[in-house]
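Next come the chains, spelled out residue by residue.
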Amino acid sequence: MDLLGDAVLHGGDRATLRLAREYPHSVATLWTALTDRTLTRLWWADLRADLRPGGEFSLEWLTGPPGELEWWPGQITAFDPPRLLEHTNSEHGLLRWELEPLDAGALRARTRLRLTNDLEGEDAWVPMSLAAWHLHLEQLEVALDGGSVDWSAWGTATNLRLRELRAAYAAHLPH
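Keep in mind that what you see is a predicted model, and the values were worked out from it rather than measured. (Residues numbered from 1 in each chain as written. Predicted model: local features only at pLDDT ≥ 70, side-chain atom pairs only at ≥ 80, totals over all residues. Heavy atoms only, no water.)

Draft legend 1. The arrangement of the pairing of strand S4 (residues 57-61) in detail. Counting buried positions over the 5 residues of S4 gives 5, a clear majority of the element. Because side chains alternate across S4, one face comprises the buried residues Phe 57, Leu 59 and Trp 61, and the other comprises Ser 58 and Glu 60, equally buried. One ladder, built from 5 bridges, connects strand S3 (residues 45-49) with S4; its direction is antiparallel. The residue bridging Leu 47 from the neighbouring strand is Leu 59, located in S4. (Buried < 20%, exposed > 50% of the residue type's maximum accessible area, 1.4 Å probe, protein only. Helix = DSSP H or I, 4+ residues; strand = E, 2+ residues; numbered from the N terminus. Pairing = 2+ DSSP bridges.)

Here's what the structure looks like:
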């Protein structure tokens, strides 16, 4: 199984997750998928954002029954469109999204997305967090190609894939 990332453990209650994935799409297309509510809902979460340094960047995961989920507040801490978005999130700490164009001048644009997540919580949560981000980055490709996630089936349809990814990341991390 190809893993998209790893983690640096900082002593039991903090970790830095690092993931990277290449997409056959332009930087502008990926930027829009990170910052436009219509598109974030297809692969990640609902979004309330004021796209400027210090602006709001709050998320509501769509993985449960409508009306039972809550908004997780966040704030933009670094903003350099269309290459860098960094924001806080009340449940996921600090998230940094970096977009790098590849193959300049090629007929088809490609972009490398790097996600860094500075996370507080027990080390036991790190493999699951890596697995969940991995799955979201796979779903991003589906959304970029015109598809979307069936959020009503998230718990059942993705459970096996999430367990497989979690086990792979757990085996990959230092013990």
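Anyway, onward from the coordinates.
Draft legend 2. Local environment of the nonpolar core. If you look at the biggest cluster of nonpolar residues, it comprises 44 residues, and the most contacted ones within it are Leu 17, Leu 19, Trp 44, Trp 97, Leu 113 and Trp 133. Sort the elements by how many residues they give to this core and helix H3 (residues 126-144) lands first, with 9 residues. Discounting chain neighbours no more than four positions away, the residues touching Leu 113 are Leu 19, Ala 20, Arg 21, Tyr 23, Leu 30, Trp 97, Glu 98, Leu 99, Leu 137 and Leu 140. (Core = buried A, V, L, I, M, F, W, Y, C linked by side-chain atoms within 4.5 Å. Contact = heavy atoms within 4.5 Å.)

Draft legend 3. H3, seen in detail. If you check H3, its first and last C-alpha atoms are 27 Å apart, about what 19 residues at 1.5 Å a residue would give, namely 27 Å. The element H3 is largely enclosed, with a buried count of 14 among its 19 residues. Two residues or fewer after H3 comes Gly 146, characterised by a positive phi angle close to 100°. (Expected span 1.5 Å × (residues − 1).)

Draft legend 4. Structural detail: the packing of aromatic side chains. Taken as a whole and assessed by the stated rule, the structure comprises 10 aromatic pairs. The interplanar angle of 40° and the centroid separation of 6.2 Å between the aromatic rings of Trp 44 and Phe 57 together place this pair among those described as tilted. With Trp 44 in the loop between helix H2 (37-43) and S3 and Phe 57 in strand S4, the pair connects residues that are 13 residues apart, well separated along the chain. Note on accessibility: Trp 44 and Phe 57 belong to one class, buried. Look at Trp 61 and Trp 133: their rings are 6.5 Å apart centre to centre, the planes differ by 75°, and that puts the pair in the edge-to-face class. Note that Trp 61 is positioned in strand S4 and Trp 133 in helix H3, a separation of 72 residues in sequence. An identical accessibility class is assigned to Trp 61 and Trp 133; each is buried. An aromatic cluster of three or more residues is present, and its members are Trp 43, Trp 44, Phe 57, Trp 61, Trp 72, Trp 97 and Trp 133. Here Arg 48 stacks its cationic end above the ring of Trp 71, 4.0 Å away from the centre of that ring. (Phe/Tyr/Trp six-rings, centres within 6.5 Å; stacked < 30°, edge-to-face > 60°. Lys NZ or Arg CZ within 6 Å of the ring centre and 35° of its normal.)

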